[in-house]
Amino acid sequence: MQQSAINSQQIKASNKDVLHALVKPIPHTYYSNVKKSVVVDKCRSWTLPANMEIFKRYFDNKPKVIVLVRPLVEIVASFMSLRKENGWQDLEAGLLDDGSEPIMRSLAGVEWARKNNNGEFLFVTYDELVDETQASLDRIYEHCDWQPFAHNLDEIVNIHKENDDVYNLAGQHDIRPQISRRTVDVELSDELVDKCNRLDDWSFYGTLRIS
């Protein structure tokens, strides 16, 4: 919406400053049917600098972003497993192409957030979420200034289901009743594993090893 308004000849010709009036209501419109005091918008793109700039420009409240991170080799293996279950032939194709979705563009955003964190980003690792679930939830609630809530972690129910047919990856957003690890039956090429490790060394997990 911002780019459309900026590039609109009609808006330029009318000399009207309507950017705030057009952009600011969008979240309220998008979630107009949600009658909750708190909305957590799940999107990998929030860590991208252009989106954080938009957030800070049009909205009064300070952004609070929960950034979930995991070793790349595990993320890639998970996507390959999903592709295998959905009948894809080339399980590795394009996963780590420069600037591609869903991994590489998101990785760039996570790395930008790590380098430009002024308190708005909370990083939670996969291991922390699985092995220290309640402690991780406590950190998230504190970060977001929410009142504590007692979750039933033995019977998790997904009430916000997504249509994974859109991505041709049925099961991508399935939620299991309990938080646990599981193994996937795929084998990554040596070249792909090497690239995952090199990218991890450059990004968030590299800083963990250094510290």
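Here, the structure is the one placed above.
Since the model is a prediction, treat every value here as computed from it, not as a measurement. (Residues numbered from 1 in each chain as written. Predicted model: local features only at pLDDT ≥ 70, side-chain atom pairs only at ≥ 80, totals over all residues. Heavy atoms only, no water.)

A. Here's a closer look at the overall build of the protein. A tally of helices and strands in the protein yields 11 helices and 2 strands. Sequence-ordered secondary structure for the protein, helices as α and strands as β, is α-α-α-α-α-β-α-α-β-α-α-α-α. Seen through its principal axes, the protein has C-alpha atoms that stretch 60 × 40 × 40 Å. Of the accessible surface of the protein, which amounts to about 14600 Å², a share of 52% is contributed by carbon and sulfur atoms. (Helix = DSSP H or I, 4+ residues; strand = E, 2+ residues; numbered from the N terminus. Areas by Shrake-Rupley, 256 points an atom, 1.4 Å probe, with all protein chains shown as cover.)

B. Here's a closer look at unusual backbone geometry. The omega torsion of the bond from Glu101 to Pro102 falls at 5°, within 30 degrees of zero and hence cis. One non-glycine residue with positive phi stands out, namely Asn168, at about 55°. With respect to the helices and strands, the residue Asn168 is situated in the loop between α9 (133–144) and α10 (190–202). Taking the relative accessible area as the measure of exposure, Asn168 reaches 45% and is therefore partly exposed. (Buried < 20%, exposed > 50% of the residue type's maximum accessible area, 1.4 Å probe, protein only.)

C. Expanded view of the environment of Glu111. By secondary structure assignment, the location of Glu111 is in helix α7 (residues 104–115). For Glu111 and Phe204, which are 93 residues apart along the polypeptide, the C-alpha to C-alpha distance reads 6.5 Å. Apart from the residues lying within four places of it in its own chain, the contact partners of Glu111 are Trp202, Ser203 and Phe204. (Contact = heavy atoms within 4.5 Å.)

D. Representation of the packing of helix α6 (residues 72–85) against α10 in the model. It is at 8 Å that the axes of α6 and α10 come closest, and there the two elements cross at 135°. Between α6 and α10, the interaxial angle falls into the category oblique. Residues Leu72, Val73, Val76 and Met80 of α6 lie in contact with α10, whose contacting residues are Leu192, Val193, Cys196, Leu199 and Asp200. Here the contact of α6 with α10 is built from residues that sort into 8 nonpolar, no polar and 1 charged. (Axes fitted to C-alpha atoms, helices over the stretch in contact; angles between N-to-C directions. Parallel < 35°, antiparallel > 145°, perpendicular 65-115°, else oblique. Nonpolar A, V, L, I, M, F, W, Y, C, P; charged D, E, K, R; others polar.)

E. Looking closely at the pairing of strand β2 (residues 121–125). Burial analysis of β2 places 5 of its 5 residues in the buried class, which makes it a mostly covered element. Of the two faces of β2, both are covered, the one formed by Phe121, Phe123 and Thr125 as well as the one formed by Leu122 and Val124. Bridging between strand β1 (residues 65–69) and β2 involves 5 bridges; their strand directions are parallel. Note on β2: the bridge partner recorded for Leu68 is Val124. (Pairing = 2+ DSSP bridges.)

F. Looking closely at the packing of aromatic side chains. Under the definition given, this model contains 5 aromatic pairs. Consider the rings of Phe55 and Phe59, whose centres lie 5.4 Å apart with planes at 55°: the pair is tilted. Taking relative accessible area as the criterion, Phe55 reaches 17% and is therefore assigned buried. Taken together, the aromatic side chains of Trp46, Phe55 and Phe59 make up a single cluster linked through ring pairs. (Phe/Tyr/Trp six-rings, centres within 6.5 Å; stacked < 30°, edge-to-face > 60°.)

G. Broad picture of the environment of Pro63. The topology assignment puts Pro63 in the loop between α5 (49–58) and β1. Taking the relative accessible area as the measure of exposure, Pro63 reaches 9% and is therefore buried.

H. The nonpolar core, seen in detail. If you look at the biggest cluster of nonpolar residues, it comprises 17 residues, and the most contacted ones within it are Val76, Met80, Leu96 and Ile103. At the level of elements, α6, α7 and α10 are the ones that each hand at least two residues to this core. The element best represented in this core is α6, accounting for 6 residues. When residues no more than four places from it in sequence are discounted, the contact partners of Ile103 are Leu72, Ile75, Val76, Phe79, Leu95 and Leu96. (Core = buried A, V, L, I, M, F, W, Y, C linked by side-chain atoms within 4.5 Å.)

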